[in-house]
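# Observations on the model geometry
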Amino acid sequence: MRLEEMVHDEEHPLRAIKDMLAWGKCPDLLLYGPPGTGKTTTAHAISYEIGADIYEFNASDERGIDFIRTRVKQVATQRGYGQHTIILLDEADGLTKQAQDALRRIIETGHGLFILTANEPANIIPALKSRCVSYEFRPYNAKEVEMFLPEWAKPLAVETCSAYNGDLRRISLALESVNEDFDGLKEMAGAEAKAYSDPALSLIGGDWEGLRKELQTLVSHHTSSNTALLNRLHQKVRQLDMEPPRFHHYSRIWGDAVLAAHQWPLSQEGFIDWFVGSLASLWDGKEE
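To keep things clear, this report deals only with the structure shown in the data block. What you see as residue numbers is a count from 1 along each chain, following the sequence as written. Reporting of local features is limited, given that this is a predicted model, to residues whose pLDDT is at least 70; pairs of side-chain atoms are given and counted only at 80 or more, and all residues count toward the totals for whole chains, interfaces and linings. Just so you know, side-chain values use all the structure's heavy atoms and leave hydrogens and water out.

## Side note on the pattern of salt bridges
Under the convention used in this document: By salt bridge we mean one thing: a side-chain nitrogen of Lys or Arg within 4 Å of a carboxyl oxygen of Asp or Glu. Each helix is a run of DSSP H or I of at least 4 residues and each strand a run of E of at least 2, with the numbering of both proceeding from the N terminus. Exposed residues in this analysis have more than 50% of their type's maximum accessible area, buried residues have under 20%, and partly exposed residues fall in between, with area computed by a 1.4 Å probe over protein chains only.
What the rule picks out here adds up to 11 salt bridges. Of the charged contacts in the structure, one is a salt bridge between Arg 104 and Asp 101, with a shortest N-O distance of 3.1 Å. Here Arg 104 pairs with Asp 101, and both are found in helix α4 (residues 97-109), just three residues apart, close to one helical turn. Under the relative-accessibility criterion, Arg 104 is labelled buried at 17%. We note a salt bridge from Glu 108 to Arg 104, for which the minimum N-O separation is 3.3 Å. With Glu 108 and Arg 104 both in helix α4 and four residues apart, this pair spans about one turn of that helix. Using a relative accessible area of 44% as the deciding quantity, one classes Glu 108 as partly exposed. Salt bridges sharing common partners tie together Asp 101, Arg 104, Arg 105 and Glu 108.

## Here we look at the sheet that holds strand β5 (residues 133-136)
Here is the rule: Think of it this way: DSSP has to see at least two bridges between two strands before they count as a pair. Interaxial angles span 0 to 180 degrees and are taken between N-to-C directions of axes, which are lines fitted to C-alpha atoms, for helices over the stretch in contact. Two residues qualify as a contact provided that any one of their heavy atoms is within 4.5 Å of a heavy atom in the partner residue.
Here we have five strands laid out as an open sheet, ordered β2-β3-β4-β1-β5, and parallel in their pairing. With one partner strand each, in any of the chains shown, β2 (53-58) and β5 form the two edges of the open sheet. Taking each pair of neighbouring strands and ignoring which way they run, the sheet shows an average axis angle of 15°. The pairing of strand β1 (residues 29-32) with strand β4 (residues 113-118) spans four bridges and is parallel. The residue of β4 that forms the bridge with Tyr 32 is Ala 118. Helix α1 (residues 13-22) rests against β1 and β5 of the sheet, and its axis sits at about 145° to β5.

## Quick word on helix α9 (residues 182-205)
Worth spelling out the cut-off: Each helix should span, by expectation, one fewer than its residue count multiplied by 1.5 Å. Counting of polar contacts relies on pairs of N or O atoms within 3.5 Å, with two restrictions inside protein: one atom must be capable of donating a hydrogen and the other of accepting it, and residues adjacent in sequence are counted only when both atoms are side-chain atoms.
For α9, spanning 24 residues, the distance from its first C-alpha to its last is 35 Å, which sits close to the expected 34 Å at 1.5 Å a residue. Structurally, α9 contributes buried residues whose contacts are with α7 (157-163), α8 (168-178), α10 (208-221), α11 (226-238), α12 (244-261) and α13 (268-282). You can read the cap of α9 off the contacts: a side-chain oxygen lies 3.2 Å from the backbone nitrogen of Asp 183, and it is on Asp 181.

## Things to note about the nonpolar core
We apply this condition: Within this scheme, the nonpolar core is defined by two criteria: the residues are buried Ala, Val, Leu, Ile, Met, Phe, Trp, Tyr or Cys, and they are joined through side-chain atoms within 4.5 Å.
One finds Ile 17, Ile 46 and Ile 115 to be the most contacted residues of the largest nonpolar core, which totals 36 residues. For this core, the secondary structure elements donating two or more residues are α1, β1, α2 (39-50), β3 (85-90), β4, α7, α8 and α9. Among the elements that line this core, the one with the most residues is α8, at five residues. Those residues within four positions of Ile 115 in sequence are excluded, and the remaining contacts are Leu 29, Leu 31, Ala 43, Ile 46, Ile 86, Ile 87, Leu 88 and Leu 89. Among the nonpolar cores identified, the runner-up in size contains 26 residues, and Tyr 196, Leu 218, Leu 230 and Val 237 belong to it.

## Considerations on the packing of α8 against α9
The test is simple: An angle counts as roughly parallel when it lies under 35 degrees, as roughly antiparallel when it exceeds 145, as roughly perpendicular when it falls between 65 and 115, and as oblique in every other case. Left-handed is the label given to a crossing in which the near helix is rotated counterclockwise from the far helix by less than a right angle, and right-handed is the label when the rotation is clockwise.
It is the contact of α8 with α9, at a shortest axis distance of 9 Å, that shows an interaxial angle of 135°. If you check the angle between α8 and α9, you find them oblique. Read as a crossing pair, α8 and α9 show a hand that is right-handed. Seen from α8, the contacting residues are Arg 170, Ala 174, Leu 175, Ser 177 and Val 178; seen from α9, they are Gly 184, Leu 185, Met 188 and Glu 192.

## Focus on the pairing of β3
As a reminder, the rule being used: For a crossover, the right-handed case is the one in which the path from the first strand over the helix to the second runs clockwise, viewed with the strands pointing away from the viewer.
In terms of residue burial, β3 counts as a mostly covered element, since six of its six residues are buried. In β3, alternate side chains face the same way, and those of Thr 85, Ile 87 and Leu 89 on one face and Ile 86, Leu 88 and Asp 90 on the other are all buried. Note that β2 and β3 share six bridges and pair parallel. In the strand pairing of β3, Glu 56 is matched with Leu 88. The pairing of β3 with β4 spans four bridges and is parallel. Within β4, the residue paired with Leu 88 across the bridge is Ile 115. Of the crossover connections in this fold, the one passing from β3 over α4 to the parallel β4 is right-handed.

Below, the structure is given as structure tokens:
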């Protein structure tokens with residue numbers, strides 16, 4: 001896909017990236033934001049725009065320093081200089097700190113253009129951030145979703161955007177699955193919205209076993225990261241009327257969970273057990 005084919009409004013980072021390329025500039029980049037917001041697609045569109053070869057690695061698959069010192073360094077040091085080679089590191093926030101430090105040194109001394117993507121920029125070390133120009137990719141808004149949807153689906157832009165939290169990747173998959181069925185898309189969007197409303201209501205009501213089961217069901221049917229799961233849940237909780245003391249206690253645990261989410265070493269099921277147990281232990285303002 002080309003940059004001009006990607007949907008965006010005037011405030012989207014794509015506008016700034018287009019202007020940068022128009023001036024003939026393309027520094028090393030850090031593109032960060034939730035899944036489905038166009039980060040990887042933008043990297044490929046940039047490679048098309050400047051006529052560069054692109055070498056793509058998913059940093060969440062191989063997180064350690066050996067991966068950086070061997071596979072990434074080999075490409076960075078053996079290819080021709082500059083804009084003719086792009087090294088795309090998807091989910092760079094999944095790299096260990098040691099691997100990120102090694103990557104910083106390779107970026108400083110190697111050839112080619114580096115584009116890093118991340119869901120959680122807080123997990124990128126400052127020394128690596130300072131080497132890149134950063135752009136925040138937010139969820140697509142309803143206007144942009146309407147631009148993306150085919151004509152038959154445009155009347156559902158607002159509810160589809162809300163249900164899928166502006167995630168164009170998941171909206172695209174939903175469109176493919178319903179095969180131009182308006183009622184089918186409406187039903188899917190409604191079910192998606194309800195999927196996060198139910199656990200939010202269980203959390204408000206202190207139904208911990210119900211919350212645990214509902215979150216387990218979500219991760220078994222969706223390919224969401226721990227962070228994405230927490231963000232979607234939080235958006236629903238904030239829309240509900242929770243007593244301020246309870247909301248403060250919930251927010252404390254939610255914040256701790258966000259910090260722990262990306263580095264969680266075990267299964268998502270274990271993460272959910274810990275999150276729900278932490279909420280239960282602090283509910284009513286009493287730590288057990």
